[in-house]
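# Coordinate analysis (summary)
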Amino acid sequence: MPGSPGMSPAPGMSPGMPGMPGGAFSAPQAPPPACQELLSNRDEVTKHGKALQAAGQKKVPPEELCKLFKVFLSAEDKMLKGLEEHSATCGVPAEVLKQVKAGHSQASQMGKQVCDVAAQGPRPAGPSLSDALGATPLVPDASTTKKGSSTFDTLSGSALSQ
């Protein structure tokens, strides 16, 4: 039977629409411009997010990380505004909008922290442990160590020589 699963459709029939003449949906419809803009905004956020992630793995200075966060947050803000305006037109579920808002809030907080650290400038090196304890580091003098004693010595002599 033509049009059954696993069978090829009859000539002139489209594979997905039994009973419809071929060519009914010959070209896929492009999404509305507002939805295309949302997709390009999403791609932009993804691109900046990957750059931010790579910078974090390379341990770049806070000043550079702050700049990357600002660009990322700007792109994410633009995407969020587009989602709020066109979610109904583009069929974006309310849960997605809620998740994007929560993610943007977290990213904003982290960006603020990074930029606050960057604004403080480079930190001076703190005191070493010996400075904090008020002691000078001592290196053992090789001339004062006893000869012939080792870790393997027992009360009755070396365990290795027995």
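Below, the structure is looked at part by part. Computed from a prediction, not measured in an experiment: that's the story for all the values here.

Moving on to the pattern of salt bridges. Following the criterion strictly, the structure yields five salt bridges and no others. A salt bridge links Glu44 to Lys47; the shortest N-O distance between them is 3.6 Å. One end of the pair is Glu44 and the other is Lys47, both in helix α1 (residues 33–57) and three residues apart, which spans about a single turn. Overall, Glu44 belongs to the partly exposed group, its relative accessible area being 34%. According to the relative accessible area criterion, Lys47 is partly exposed, its value standing at 49%. Among the ionic pairs, Glu84 bridges to Lys101, the shortest N-O distance being 3.5 Å. Of the two residues, Glu84 sits in helix α2 (residues 62–90) while Lys101 sits in helix α3 (residues 94–120), which places them 17 residues apart along the sequence. Residue Lys101 is classed as partly exposed on the basis of its relative accessible area of 39%.

Tracing the backbone shows Asn41 in helix α1. Ignoring anything within four residues of it in the chain, the contact list for Asn41 reads Lys78 and Met79.

Bringing the packing of α2 against α3 into the picture now. Following both chains from N to C, one finds α2 and α3 inclined at 160°, their axes separated by 9 Å at the closest point. With respect to their mutual orientation, α2 and α3 come out roughly antiparallel. For the element pair α2 and α3, the recorded crossing hand is left-handed. When grouped by side-chain class, the residues that make up the contact of α2 with α3 number 17 nonpolar, four polar and six charged.

A few words on unusual backbone geometry. A positive phi is found at Lys59, a non-glycine position, where the angle reads about 60°. Here Lys59 lies in the loop between α1 and α2.

Bringing α2 into the picture now. Two residues of an α-helix separated by three or four positions point the same way, owing to the 3.6 residues in each turn. Considering bend angle alone, the principal kink of α2 is centred on Glu84 and spans about 50°. Those residues of α2 that fall on the buried side of the exposure criterion are Leu65, Cys66, Phe69, Phe72, Leu73, Ala75, Glu76, Met79, Leu80, Gly82, Leu83 and Ser87.

Moving on to the state of the cysteines. In the structure shown here, the tally under the stated rule is two disulfides. There is a disulfide in this structure between Cys35 and Cys90, and the S-S distance comes to 2.0 Å. Note on the Cys35 and Cys90 pair: the S-S dihedral is about -105°, so by sign convention the disulfide is left-handed. With Cys35 in helix α1 and Cys90 in helix α2, this pair connects stretches of sequence that are 55 residues apart. Cys35 sits in the buried class, given a relative accessible area of 9%. One disulfide in the model links Cys66 with Cys115; its S-S distance is 1.9 Å. Judged by the torsion about the S-S bond (105°), the Cys66/Cys115 disulfide is right-handed.

Rules and cut-offs
Residues numbered from 1 in each chain as written. Predicted model: local features only at pLDDT ≥ 70, side-chain atom pairs only at ≥ 80, totals over all residues. Heavy atoms only, no water. Salt bridge = Lys/Arg side-chain N within 4 Å of Asp/Glu carboxyl O. Helix = DSSP H or I, 4+ residues; strand = E, 2+ residues; numbered from the N terminus. Buried < 20%, exposed > 50% of the residue type's maximum accessible area, 1.4 Å probe, protein only. Contact = heavy atoms within 4.5 Å. Axes fitted to C-alpha atoms, helices over the stretch in contact; angles between N-to-C directions. Parallel < 35°, antiparallel > 145°, perpendicular 65-115°, else oblique. Left-handed = near helix turned anticlockwise from the far one by under 90°. Nonpolar A, V, L, I, M, F, W, Y, C, P; charged D, E, K, R; others polar. Bend = angle between axes of the 7 residues up to and from the residue. Disulfide = S-S within 2.5 Å.

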